[in-house]
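So you can see what is in the structure, the chains are spelled out below.
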Amino acid sequence: MKPRKVVTLLTGLSLLFSAGQSSLLFAHGDEKHTTEPTAFIGMETAPAKRVQQFHQALKAGDEAIVKQLLAEDVLIYEGGNAERSLADYASHHMGADMAYLKNLTITLKEQQVKVVGDIAISTAISHATGEYKSKQIDSTAMETIVLSKQHDGSWKIIHIHWS
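Residues numbered from 1 in each chain as written. Predicted model: local features only at pLDDT ≥ 70, side-chain atom pairs only at ≥ 80, totals over all residues. Heavy atoms only, no water.

Q: Which residues make up the overall build of the protein, and what values do they have?
A: When you go through the protein residue by residue, the secondary structure sums to five helices and seven strands. Reading the secondary structure of the protein in the N-to-C direction produces α-β-α-α-β-β-α-α-β-β-β-β. When the 163 residues of the protein are sorted by exposure, 31% land in the buried category. Within the protein, contacts between residues at least 6 apart in sequence are counted, and of these 50% link residues at least 24 apart. Entry remark: accessible area of the protein is about 9,800 Å², with carbon and sulfur atoms responsible for 54%. (Helix = DSSP H or I, 4+ residues; strand = E, 2+ residues; numbered from the N terminus. Buried < 20%, exposed > 50% of the residue type's maximum accessible area, 1.4 Å probe, protein only. Contact = heavy atoms within 4.5 Å. Areas by Shrake-Rupley, 256 points an atom, 1.4 Å probe, with all protein chains shown as cover.)

Q: Talk me through helix α2 (residues 46-60); I want residue IDs and the actual numbers.
A: Counted at 1.5 Å a residue, the expected span for α2 with its 15 residues is 21 Å, and the 21 Å between its end C-alpha atoms agrees. Among the residues of α2, those classed as buried are P47, A48, R50, V51, F54, A57 and L58. Among the residues trailing α2, G61 stands out with phi positive, at a value near 75°. (Expected span 1.5 Å × (residues − 1).)

Q: Please give an account of the sheet that holds strand β6 (residues 135-149) that cites residues and values.
A: Taken together, the seven strands give an open sheet; going across it, the order is β1-β4-β5-β6-β7-β2-β3, and neighbouring strands pair in mixed fashion. Both outer strands of the open sheet, β1 (40-41) and β3 (81-83), are each paired with one neighbouring strand and no more. Across five bridges, the pairing between strand β2 (residues 70-78) and strand β7 (residues 155-162) is parallel. Across the sheet, residue Y77 finds its bridge partner in β7, namely H161. In the packing of α2 onto the sheet, contacts are made with β2, β4 (104-116), β5 (119-132), β6 and β7, and the angle to β6 comes to roughly 140°. Strand contacts of helix α5 (residues 94-102): β2, β4, β5, β6 and β7, with the helix running at about 125° to β4, the strand carrying the most contacts. (Pairing = 2+ DSSP bridges. Axes fitted to C-alpha atoms, helices over the stretch in contact; angles between N-to-C directions.)

Take a look at the structure:
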């Protein structure tokens, strides 16, 4: 899938996702909200299991599994940069991501997986603690992963946005 199509798809899915979650969308401010989102939704779905497998493979440094789960034309946004293919990611940041995650403790705070036809969106918030390159890590991360159902019924990651 071309990057432009992915952006268009993501925009449409975001609108679809937000339409179903309108009670969870609020303007920033001091107002108090009475509706709390459910922290974990859709965790039993095949796409959620693929995302979990992807995280485990990254942390374990298993390049073969990571490559198996990512589409050839995956689009990855991280730190203001974009990697526009599996080959690009594998030759640039994959090793650094694996090294970073190796000794950290990651606590998943929230994950919601929505499946709409042959597309699934996983949104998550996690907290990382530990040490990397002699620096103490104590950070919160947000992640969006979009998956596409393949002709063989498996799910591939077509887009990741980490912040």
